Amino acid sequence: LLYVPLLAPVLILAIARRRRAVLWAAAAVVLTWLVVIAAYRFDIRTLTPPELEQISATAYLPAPVKAAARLLTFIPIPLSLWTGVSTLFSNLAFEMPVYLLGKVWPEGNPWYFAVALAVKVPVSLWILMLAGGGALINRAYHRRLAWTALLWLAPGFLYIALASTVPLQLGVRLVLPALPFGLLIAAAGVDWLSRTHARQALLALLALVFLFETGRVYPDGIGFFNLAAGGPARGSHYLLDSNLDWGQGLPALESWARRNKVLPIRLSYFGADMPFRYFRGNEVELLAPPWAESLVKSDRLVPEPGRYYAIGATLIPGQFFAPKFKDYYAAFRDREPVARPGYAIFVYYFEPTP
């Protein structure tokens, strides 16, 4: 949203050097509008007076946004675009705790996405982006980089920087729109590495590392963490939620449990899948997470000896629960799981009392 106004002075300066600058400026505005509405398949309309009245009464929308809404009573735009803009500002109005580096941050952390990208992006891609960044800096130093490169260099960094100021930090997925711009920088690295035979050998090695790094977690791609971070087995030391456990682990848990003959098993599940798609009624005992006080009998889960417990990794820190239940899974936090099916669900066994 801020990219166009930030770039506007550069475009105005460039247009001012041309003849018929006013026509060029008008064409740029119209073209931008056409590109936007084409992206939404021309499903457009103007805001109605009742909608404008509701926008004016919305507390979390800043005054400039409310003023812009008045223009949209006669300039048609995609309604879903405006809804998305409103949602972004509503996300700014509410705090949401996040898990990062083994700790729960009640109001988010400005370094969240930087850490997420550091551990979730493959090492080979990081090396290519660093090489590409160095090559681009060298070109800029020698004045061989056109100012128009800002059009594809700035958006990714701007997106990540702005996302880092918002308390909605639920996973690296929220900054994935910045990744294609990182790939363009990596392409500059590929170009630089392909210029000599020695560098080509390094490029081939990076390709092999990439295939190994990503292939070894297949088909559990959500739980990917790069080699520098220690792989997905150490993912929970850095991040949780959709970075590791988004409820996708039930098929892997079912396969592991049958293969190791540990049924029945107690399951506390984070996700929207149905456990009984994979387990018969007598094979699994569901333990509801403490989303509400009526779902649990106490403020802590006390494991029974001689039983296997499968706990969704995202549940264990307790960041999503009311303060009374933040330590509901405390018995599992410092205990090493016996297995991590699909990297998303941690299995624990408690030895029987002698």
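All figures in this text were calculated on a predicted structure; none of them were measured in a lab.

1. A closer look at the packing of helix H9 (residues 179-193) against helix H10 (residues 197-215)
At step 1: Taken N-terminus to C-terminus, the directions of H9 and H10 make an angle of 135°; their axes are 8 Å apart at the nearest point. For the element pair H9 / H10, the angle class is oblique. Along its contact with H9, which presents Val-190, Trp-192 and Leu-193, the element H10 presents Arg-199, Gln-200, Leu-202, Leu-203 and Leu-206.
At step 2: For the contact of H9 with H10, the class distribution of residues is six nonpolar, one polar and one charged.

2. Details of the nonpolar core
At step 1: Of all hydrophobic cores here, the largest spans 43 residues; its most connected members are Phe-225, Leu-239, Ile-311, Tyr-329, Phe-332 and Tyr-348.
At step 2: Mapped by element, the contributors of at least two residues to this core are strand S3 (98-100), helix H6 (112-120), helix H7 (123-141), H9, H10, strand S7 (308-312) and strand S8 (345-349).
At step 3: Take this core: its biggest share by element is six residues, from H6.
At step 4: Membership of the second largest hydrophobic core comes to 16 residues, among which are Val-262, Leu-267, Tyr-269 and Tyr-278.

3. Notes on the pattern of salt bridges
At step 1: Here the structure, examined in full by the defined rule, presents 15 salt bridges.
At step 2: Two residues, Arg-300 and Asp-327, come together in a salt bridge whose shortest N-O distance is 3.8 Å. Residue Arg-300 is found in the loop between strand S6 (284-286) and S7, and its partner Asp-327 is found in the loop between S7 and helix H12 (330-333); the two are separated by 27 residues along the sequence.
At step 3: Take Arg-300: its relative accessible area is 43%, and that puts it in the partly exposed class.

4. Re empty space enclosed by the protein
At step 1: Scanning all chains against the criterion turns up one cavity of 30 Å³ or more.
At step 2: Counted as a void, the largest cavity has a volume near 50 Å³.
At step 3: Lining of the largest cavity is provided by Pro-97, Val-98, Tyr-99, Tyr-112, Gln-169, Leu-170, Leu-240, Asp-241, Gln-319 and Phe-320.
At step 4: Taken together, the residues of the lining of the largest cavity sort by class into seven nonpolar, two polar and one charged.

5. Overview of the sheet that holds S7
At step 1: Sheet architecture is open: four strands sit in the order S6-S5-S7-S8, paired in mixed fashion. Each edge of the open sheet is held by one strand with a lone partner, namely S6 and S8. With strand direction ignored, the average angle separating the axes of adjacent strands in the sheet is 25°.
At step 2: Pairing between S7 and S8: five bridges, direction antiparallel. Among the inter-strand pairings, Ala-310 is bridged to a residue of S8, identified as Val-347.
At step 3: Running over the sheet, helix H11 (residues 250-260) touches strand S5 (265-268), S7 and S8 and is turned about 30° from S8.

6. Remarks on the layout of surface pockets
At step 1: When its volume is computed, the second largest pocket comes out at roughly 510 Å³.
At step 2: At the level of elements, strand S4 (103-105), H12 and S8 are the ones that each hand at least two residues to the lining of the second largest pocket.
At step 3: Tallied by class, residues from the lining of the second largest pocket come to 12 nonpolar, five polar and eight charged.

Rules used in this analysis
- Residues numbered from 1 in each chain as written.
- Predicted model: local features only at pLDDT ≥ 70, side-chain atom pairs only at ≥ 80, totals over all residues.
- Heavy atoms only, no water.
- Axes fitted to C-alpha atoms, helices over the stretch in contact; angles between N-to-C directions.
- Helix = DSSP H or I, 4+ residues; strand = E, 2+ residues; numbered from the N terminus.
- Parallel < 35°, antiparallel > 145°, perpendicular 65-115°, else oblique.
- Contact = heavy atoms within 4.5 Å.
- Nonpolar A, V, L, I, M, F, W, Y, C, P; charged D, E, K, R; others polar.
- Core = buried A, V, L, I, M, F, W, Y, C linked by side-chain atoms within 4.5 Å.
- Buried < 20%, exposed > 50% of the residue type's maximum accessible area, 1.4 Å probe, protein only.
- Salt bridge = Lys/Arg side-chain N within 4 Å of Asp/Glu carboxyl O.
- 1 Å grid on protein atoms, 1.4 Å probe; cavity = no way out; pocket = protein on both sides within 12 Å on 5 of 7 lines; lining within 4 Å.
- Points joined across faces, edges and corners; volume = space filled by probe spheres on them.
- Pairing = 2+ DSSP bridges.

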